[in-house]
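# A structural walkthrough
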Amino acid sequence: MAISKLAVVETDSIGENVSIGEFAVIREGVKIGNDVVIHPHVVVQSGVSIGDGVEIFPGAYVGKEPKGAGALSRQPVFERRLIIGAHTSIGPNAIIYYDVEIGEMTLIGDGASIREQCRIGAHCLISRYVTINYNSRVGDGTKIMDLTHVTGNCTIGREVFISTGVGMANDNALGRDGYRDLLVGPSIGDRAMVGAGALLLPGVVIGEGAIVAAGAVVTKGVEPGTVVMGVPARFIRMVD
């Protein structure tokens, strides 16, 4: 075990062969598995459970409490817990809020942000500066590339590929009516693919194995196994 004398470590639940770097802050009640590496300047709050072989890079904040500061229409609801599966990697300056579960062997990229009530599967890639808003689901083996925004109340299936700069929305009223329970983001079926810069509007359903072309604006549902493109997106052909 290699714990820096300059780290603040308040928990006693630490496995074997753990490394904690300078100026890391590990609060009481954190559970750390075996072979975990926590780099300098990481903050891990109470209630976080870190699986075996996890690596957390400098500047990451794990277990952030969601607060509205009076600006949110939605009152955050969350449990003060967070689970990081075995052999997952949390990149520099990533922010993981409370009430999140991340599966094993998943990569959370530099500067990514995952809000409360989210569930991320195993073997996923959440790339650099991806934002995943509240109460969203990402299935096993899914890849979400740089600078994509996953809106609140969104469902993404297994082995989905979402390219860079994809935008999603969950509110057709553009916030004028405040937060309502009926705000629902897109639902993306297993093995679907979404091209770079596409926009998925509230409540649209992308069928299993469908392909949304780069730059498309999806305003209505996409049938399974079809290719759509354009503004607004329209059927082009079946997937080969």
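Residues numbered from 1 in each chain as written. Predicted model: local features only at pLDDT ≥ 70, side-chain atom pairs only at ≥ 80, totals over all residues. Heavy atoms only, no water.

### Section: the pattern of salt bridges
Taken as a whole and assessed by the stated rule, the structure comprises twelve salt bridges. Between Arg-119 and Asp-99 there is a salt bridge, with its nearest N and O atoms 3.1 Å apart. Taken together, the residues Arg-119 in strand S18 (residues 119-120) and Asp-99 in the loop between strand S14 (95-97) and strand S15 (100-102) connect sequence positions 20 residues apart. Classification of Asp-99 by relative accessible area gives buried; the value is 4%. Taken together, the salt bridges that share partners define one network made up of Glu-79, Arg-81, Asp-99, Glu-101 and Arg-119. (Salt bridge = Lys/Arg side-chain N within 4 Å of Asp/Glu carboxyl O. Helix = DSSP H or I, 4+ residues; strand = E, 2+ residues; numbered from the N terminus. Buried < 20%, exposed > 50% of the residue type's maximum accessible area, 1.4 Å probe, protein only.)

### A short note on the environment of Ile-211
Among the structural elements, Ile-211 can be located in strand S31 (residues 211-212). The exposure class assigned to Ile-211 is partly exposed, which follows from its relative accessible area of 26%. The spacing of Ile-211 and Phe-23 is 188 residues in sequence and 46 Å in space, taken between C-alpha atoms. What Ile-211 contacts, discounting residues up to four positions off in sequence, is Met-193, Thr-226, Val-227, Val-228 and Val-239. (Contact = heavy atoms within 4.5 Å.)

### Re the packing of aromatic side chains
Overall, the coordinates contain one aromatic pair when judged by the stated rule. Aromatic pair Phe-78 and Tyr-98: ring centres 6.2 Å apart, planes at 5 degrees, arrangement stacked. Placement of Phe-78 in the loop between strand S11 (61-64) and strand S12 (82-84) and of Tyr-98 in the loop between S14 and S15 is noted, with a sequence separation of 20 residues between them. On the accessibility criterion, Tyr-98 (3% relative accessible area) is buried. The ring of Tyr-97 has Arg-115 lying over it, and the distance from NZ or CZ to the ring centre is 4.4 Å. (Phe/Tyr/Trp six-rings, centres within 6.5 Å; stacked < 30°, edge-to-face > 60°. Lys NZ or Arg CZ within 6 Å of the ring centre and 35° of its normal.)

### Overview of the nonpolar core
The biggest cluster of nonpolar side chains holds 56 residues, and the ones touching the most others in it are Ile-38, Ile-50 and Ile-156. Broken down by secondary-structure element, the contributors of at least two residues to this core are strand S9 (48-50), S12 and S15. (Core = buried A, V, L, I, M, F, W, Y, C linked by side-chain atoms within 4.5 Å.)

### With respect to unusual backbone geometry
In this chain, Val-231 is followed by Pro-232 through a cis amide linkage whose omega measures -10 degrees. Mapped onto the secondary structure, Pro-232 falls in the loop between strand S33 (226-229) and strand S34 (234-238). Despite not being glycine, Asn-93 has its phi angle at roughly 65 degrees, a positive value. In this structure, Asn-93 sits in the loop between strand S13 (89-90) and S14. One non-glycine residue, Glu-159, adopts positive backbone phi at about 55 degrees.

By themselves, these observations are geometric and do not establish any function.
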